[in-house]
Each structure stands twice: as structure tokens, then as C-alpha cells.
Amino acid sequence: EGRVDEALAEFQRTTEIQPQNAANFFNVALIYFQKNDLPSAEKALRKVIALDPSEGDAYISLADILEATDRDEEALEAYETVIAMKSEPVATRARVRLHLLKGVIFGREGKLDQARAEFEDGRWRNKHPREKKRIMFKLAELIERDLEELAFLETLDMGKPIKDTLSVDIPTAINSIRWYAEA
């Protein structure tokens with residue numbers, strides 16, 4: 001806890017020295033995440049976005065906070081903003097998370113018919129198997145690239161030890177996606 005507070009103080013000093021540097025505010029937000037201080041993390045991420053509206057990862061991190069604080073509609077907007085940027089690979093991550101969140105919302109709100117209609121429209125079903133395989137391998141690659149960040153978020157969300165999320169949970173998800181890509 002003491003080292004985290006020291007790091008936070010140091011990054012806050014850098015935001016005072018370089019108030020137009022979005023990366024400094026992003027680092028502050030990540031430390032607030034680690035401290036589970038979501039309001040402060042949100043404020044820092046909104047500053048990142050104000051300084052650099054093209055920073056897709058800031059929108060995705062902001063959407064994490066919005067989901068965690070039951071502001072799903074705002075989270076959907078954040079994902080849609082990233083998708084509209086068409087900056088890969090972050091746009092692909094946003095598309096996946098947008099559809100997952102929509103599924104949660106549809107289920108929670110009893111909008112299963114609407115979820116079924118989106119499922120049945122054929123976007124996925126009508127894709128060629130090679131294209132599905134390519135997409136699933138790309139998803140696995142993106143998860144693998146961000147393994148540490150995802151493990152950290154999973155630890156915050158579920159309260160599991162970080163060593164478990166790093167060595168078991170996220171690698172198992174990656175392996176499962178690759179296995180189904182080959183199926």
C-alpha cells in the first residue's frame with residue numbers, strides 16, 4: 001500500500017509538471033484502479049480523453065468503471081466511440097466488449113427477444129469458417145497481448161489472487177478460444 005501511494009504521489013507530480021501529457025493522467029488512473037478508487041480513476045481517464053480524444057484504451061478503461069458502477073448505457077457509448085475510431089486492435093476489443101455488455105443488459109432487462117434477433121441476423125453465423133477462425137485467433141492474440149492488464153482487472157472484479165488470474169484464468173480463456181477456433 002505504501003509503495004502504491006508513493007507511485008501515485010509521483011505520477012500526480014508529473015501531471016503538475018506536464019499537465020498536457022495524457023500518458024501521465026493514464027498512469028494516475030491505473031494506480032487509482034489498483035487502489036479501487038473508481039471515482040478518482042474515472043476523473044483521471046476523463047482528463048486523458050479530454051487531452052487525447054483518440055486514446056481508445058482510455059475509453060475502454062472508462063467503460064470498465066462505468067460498467068462497475070452500473071452505468072451501462074454510458075459504457076456502451078464509450079465502446080461505440082472506440083469502434084468509430086477504427087483504430088485496430090483496440091476497436092476489435094471494444095466490439096467484443098460491446099456485444100458482451102449488450103448480452104448482459106438484454107438478459108438483465110428481459111430483452112431476450114432482442115438478443116435473439118441480434119444473434120439470428122447472421123453476422124456471425126454467415127461468416128465463412130476461415131473468417132471465424134481468423135477472428136477468434138485475433139481475439140486470443142489480443143487477450144494474450146493484454147494478459148497482465150486483464151488479469152489485474154479480473155483480480156479487481158473477482159477478488160482472486162493475481163497469481164491465479166495470471167497463470168490460470170486468462171491463459172485458460174486464451175486456450176479455450178484457440179481450441180474453439182479450430183473446432
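Reading the values: rules and limits
- Residues numbered from 1 in each chain as written.
- Predicted model: local features only at pLDDT ≥ 70, side-chain atom pairs only at ≥ 80, totals over all residues.
- Heavy atoms only, no water.
- Helix = DSSP H or I, 4+ residues; strand = E, 2+ residues; numbered from the N terminus.
- Buried < 20%, exposed > 50% of the residue type's maximum accessible area, 1.4 Å probe, protein only.
- Polar contact = N/O pair within 3.5 Å; in protein donor to acceptor, adjacent residues only side chain to side chain.
- Contact = heavy atoms within 4.5 Å.
- Axes fitted to C-alpha atoms, helices over the stretch in contact; angles between N-to-C directions.
- Parallel < 35°, antiparallel > 145°, perpendicular 65-115°, else oblique.
- Left-handed = near helix turned anticlockwise from the far one by under 90°.
- Nonpolar A, V, L, I, M, F, W, Y, C, P; charged D, E, K, R; others polar.
- pLDDT = per-residue confidence, 0-100.
- Phe/Tyr/Trp six-rings, centres within 6.5 Å; stacked < 30°, edge-to-face > 60°.
- Salt bridge = Lys/Arg side-chain N within 4 Å of Asp/Glu carboxyl O.
- Expected span 1.5 Å × (residues − 1).
- Core = buried A, V, L, I, M, F, W, Y, C linked by side-chain atoms within 4.5 Å.

*Asks:* I keep staring at the side chain of Thr 165 and nothing clicks. Help me out?
*Replies:* Tracing the sequence through the fold places Thr 165 in helix H10 (residues 162-182). We classify Thr 165 as buried; its relative accessible area is 0%. A polar atom in the side chain of Thr 165 sits 3.1 Å from the backbone oxygen of Ala 151. Reaching out from Thr 165, the side chain makes a polar contact with the backbone oxygen of Ile 162 at a distance of 3.0 Å. With residues near it in sequence (within four places) discarded, Thr 165 still touches Ala 151, Glu 154, Thr 155, Lys 160, Ile 170 and Pro 171.

*Asks:* It is not clear to me how the packing of helix H2 (residues 22-34) against helix H3 (residues 38-51) should be interpreted in this structure. Could you clarify?
*Replies:* When two helices pack together, their arrangement is given by the angle between the helix axes and the distance between those axes. Relative orientation of the contacting elements H2 and H3 amounts to 160°, with a least axis distance of 8 Å. With respect to H3, the axis of H2 lies roughly antiparallel. Two packed elements cross with a definite hand, and for H2 against H3 that hand is left-handed. Note on element contacts: H3 touches H2 through Leu 38, Ser 40, Ala 41, Ala 44, Leu 45, Lys 47, Val 48 and Leu 51, opposite Ala 22, Phe 25, Phe 26, Val 28, Ala 29, Tyr 32 and Phe 33. Its residues placed into classes, the contact of H2 with H3 shows 13 nonpolar, one polar and one charged.

*Asks:* What should I look at first to understand the confidence of the model for the protein in this one?
*Replies:* Atomic detail in the predicted coordinates should be set aside for any region of low pLDDT. In this model, the protein carries an average pLDDT of 86, and 97% of its residues clear a pLDDT of 70 or more. At the low end of the mean pLDDT range in the protein sits helix H7 (residues 112-120), at 73; at the high end sits H3, at 93.

*Asks:* Teacher, can you tell me more about the packing of aromatic side chains here?
*Replies:* The description of an aromatic ring pair uses the distance of the two centres, along with the angle that the planes make with each other. In the structure shown here, the tally under the stated rule is one aromatic pair. With a centroid separation of 4.9 Å and an interplanar angle of 90°, the aromatic rings of Trp 179 and Tyr 180 are classed as edge-to-face. Each member of the pair, Trp 179 as well as Tyr 180, carries the same accessibility label: exposed.

*Asks:* Help me understand the pattern of salt bridges in this model?
*Replies:* One pass over the full model with this rule turns up 10 salt bridges. Here Glu 42 ties to Arg 46 by a salt bridge, and the two come within 3.0 Å at their closest N and O atoms. Separated by four residues within a single helix, Glu 42 and Arg 46 lie in helix H3, roughly one turn from each other. Note on Arg 46: relative accessible area 38%, which makes it partly exposed. As a salt-bridge pair, Lys 138 and Glu 141 come within 3.5 Å of each other at their nearest N and O atoms. Residue Lys 138 and its partner Glu 141 are both found in helix H8 (residues 129-145); the two are separated by three residues, about one turn of the helix. A residue is classified by how much of its surface remains accessible, and Lys 138, at 30% relative accessible area, is partly exposed. Taken together, the shared-partner salt bridges connect Glu 42, Arg 46, Arg 71 and Glu 74 into one network.

*Asks:* In this structure, what is going on with helix H9 (residues 147-158)? I would like to understand it.
*Replies:* Since the α-helix packs 3.6 residues into each turn, any two residues three or four apart lie on the same face. With 12 residues, H9 extends 16 Å from end C-alpha to end C-alpha; this agrees with the ideal 16 Å at 1.5 Å per step. Residues Leu 147, Ala 151, Leu 153 and Thr 155 constitute the buried set of H9. Structurally, H9 contributes buried residues whose contacts are with helix H4 (56-68), H8 and H10. Once H9 finishes, Gly 159 follows within two positions and takes phi at roughly 80°, a positive value.

*Asks:* In this structure, what is going on with the nonpolar core? I would like to understand it.
*Replies:* The biggest cluster of nonpolar side chains holds 33 residues, and the ones touching the most others in it are Leu 45 and Tyr 79. Among the elements of the structure, helix H1 (2-17), H2, H3, H4, helix H5 (72-85) and helix H6 (90-108) are those that each provide at least two residues to this core. At eight residues, the largest contribution of residues to this core is made by H2. Setting aside residues no more than four positions away along its own chain, Tyr 79 makes contact with Ile 60, Ala 63, Asp 64, Glu 67, Ala 94, Arg 97, Leu 98 and Leu 101. Met 136, Leu 147, Ile 170 and Ile 177 belong to the second largest nonpolar core, which has nine residues in total.

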